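# Overview (structure and organization)
Listed here are the chains, written in short residue letters.
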Amino acid sequence: MNRPKRNEHSREKILQTGMELFKRKGYHGTGLKEILDTCQVPKGSFYNYFESKEQFAVEILEYSHQLEDEKWDKRTNAIEGNMLERFRLAINLFIADYENDPDATGCLLTNLMGEVGNASESFREIISLSCTRVIDCIEESFKEGQLQGSFRNDLPARAIAQLFWDSWQGALLRTKVEASTAPLREVTDTIFTLYAPLENPETNTKDGDNNDV
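The numbering scheme is per chain: residues are counted from 1 as the chain's sequence reads. Local features in a predicted model are, by the rule used here, given only for residues with pLDDT of at least 70; side-chain atom pairs are given and counted only at 80 or more, and totals for whole chains, interfaces and linings are based on all residues. Calculated side-chain values reflect all of the structure's heavy atoms, with hydrogen atoms and water omitted.

### Digging into the overall build of the chain
Which entries qualify depends on this criterion: In DSSP terms, a helix is any run of H or I states spanning at least four residues, a strand is any run of E spanning at least two, and both are numbered starting from the N terminus. Here, two residues are considered to be in contact whenever any of their heavy atoms come within 4.5 Å of each other.
Scanning the chain from N- to C-terminus turns up 9 helices and 0 strands. Each helix (α) and strand (β) of the chain, taken in turn from the N terminus, gives the series α-α-α-α-α-α-α-α-α. A fraction of 63% describes how many contacts in the chain between residues 6 or more apart in sequence connect residues 24 or more apart.

Next comes the structure, spelled out in structure tokens:
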């Protein structure tokens, strides 16, 4: 018996629906029946696109990464100013997204990292890859900022990108527990104060300091 022809529009609709449900209810809190009922597609159509719920979640992470990457590029390219200012304003827009839609409970990658990060090898691989991709993008932005003098340059761009990512993940978890975006704003204020360029980058001292012996 021939399998029904795949429709990419239907596949994307299922991915979009699954992504939104996973954001709100998590992987374990979202049943296949709820996904199918929300999408209004039969079970056979689902298994025509995805081998299992786990494989579906793996593809959702890939789909979500593409959407977030496009959103990030669009926002940062639309903002004026140096890289430090553009990066911070873009982060503030993402914080506003969480405030406008609190039921979404933050970042899908962060949520699944805590829920199923070590559940299987396929989950570990896609989550590790997704994190690496995000850090790569942040690193490129920070490198650009260092070249233009808007970021401190006494530390490697990779190191401060990883520090930002780790701090942001912790703030996202606190945001869920406290039901407030205050942790996100706090970590943003702290990080960008630390990342501002040194006043005298040649000597790594602030102007007015006297290092003469």
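Still more ground to cover, so stick around.
### Comments concerning the pattern of salt bridges
Filter applied, for reference: The term salt bridge refers to a pairing of a side-chain nitrogen on Lys or Arg with a carboxyl oxygen on Asp or Glu at a separation within 4 Å. Exposure categories follow from relative accessible area, calculated using a 1.4 Å probe and restricted to protein chains: below 20% of the type maximum is buried, above 50% is exposed, and the middle band is partly exposed.
Scanning the model with the defined rule gives 19 salt bridges in all. Close ionic contact of Arg 24 with Glu 20 constitutes a salt bridge, the shortest N to O distance being 2.9 Å. With Arg 24 and Glu 20 both in helix 1 (residues 8–25) and 4 residues apart, the pair spans about one turn of that helix. Looking at Arg 24, the relative accessible area reads 36%, which means it is partly exposed. The network of salt bridges with common partners includes Asp 136, Glu 139, Glu 140, Lys 143 and Arg 158.

### Considering the environment of Glu 68
When you line up the elements, Glu 68 lands in helix 4 (residues 53–78). Taking the C-alpha atoms as reference, Glu 68 lies 9.7 Å from Val 134; in sequence the two are 66 residues apart. Not counting chain neighbours up to four residues away, the residues in contact with Glu 68 comprise Lys 23 and Phe 94.

### Notes on the packing of aromatic side chains
Definition in use: Working definition: a ring pair exists when centres of Phe, Tyr or Trp rings (six-membered ring for Trp) sit within 6.5 Å. Plane angles under 30 degrees give stacked, over 60 give edge-to-face, the rest tilted.
The full count for this structure, using the stated rule, is 20 aromatic pairs. When the centroid spacing of 5.5 Å and the interplanar angle of 80° are considered together, the rings of Phe 142 and Tyr 195 count as edge-to-face. Placement of Phe 142 in helix 7 (residues 121–148) and of Tyr 195 in helix 9 (residues 182–195) is noted, with a sequence separation of 53 residues between them. Note on accessibility: Phe 142 and Tyr 195 belong to one class, buried. Pairwise contacts between aromatic rings join Trp 72, Phe 87, Phe 94, Phe 142, Phe 151, Phe 164, Trp 168, Phe 192 and Tyr 195 into one cluster.

### Observations regarding the environment of Ile 160
In this structure, Ile 160 sits in helix 8 (residues 157–178). Along the chain, Ile 160 and Leu 194 lie 34 residues apart, while their C-alpha atoms are 9.7 Å from each other.

### Focus on the packing of helix 4 against helix 7
Which entries qualify depends on this criterion: The axes are straight lines fitted to the C-alpha atoms, using for helices just the contacting stretch, and the angles between their N-to-C directions are given from 0 to 180°. For classification purposes, angles smaller than 35 degrees are called roughly parallel, those larger than 145 roughly antiparallel, those between 65 and 115 roughly perpendicular, and all remaining angles oblique. Gly is put with the polar residues, along with every residue not named as nonpolar or charged; the nonpolar set is Ala, Val, Leu, Ile, Met, Phe, Trp, Tyr, Cys and Pro, and the charged set is Asp, Glu, Lys and Arg.
The geometry of helix 4 relative to helix 7 is characterised by a closest axis approach of 9 Å and an angle of 10° between their N-to-C directions. Compared by their axis directions, helix 4 and helix 7 come out roughly parallel. Here helix 4 contributes Glu 54, Ala 57, Val 58, Leu 61, Glu 62, His 65, Asp 69 and Trp 72 to the contact with helix 7, which in turn contributes Ser 122, Phe 123, Ile 126, Ile 127, Ser 130, Arg 133, Val 134, Cys 137 and Ser 141. Grouping the constituent residues of the contact of helix 4 with helix 7 by class yields 9 nonpolar, 4 polar and 4 charged.

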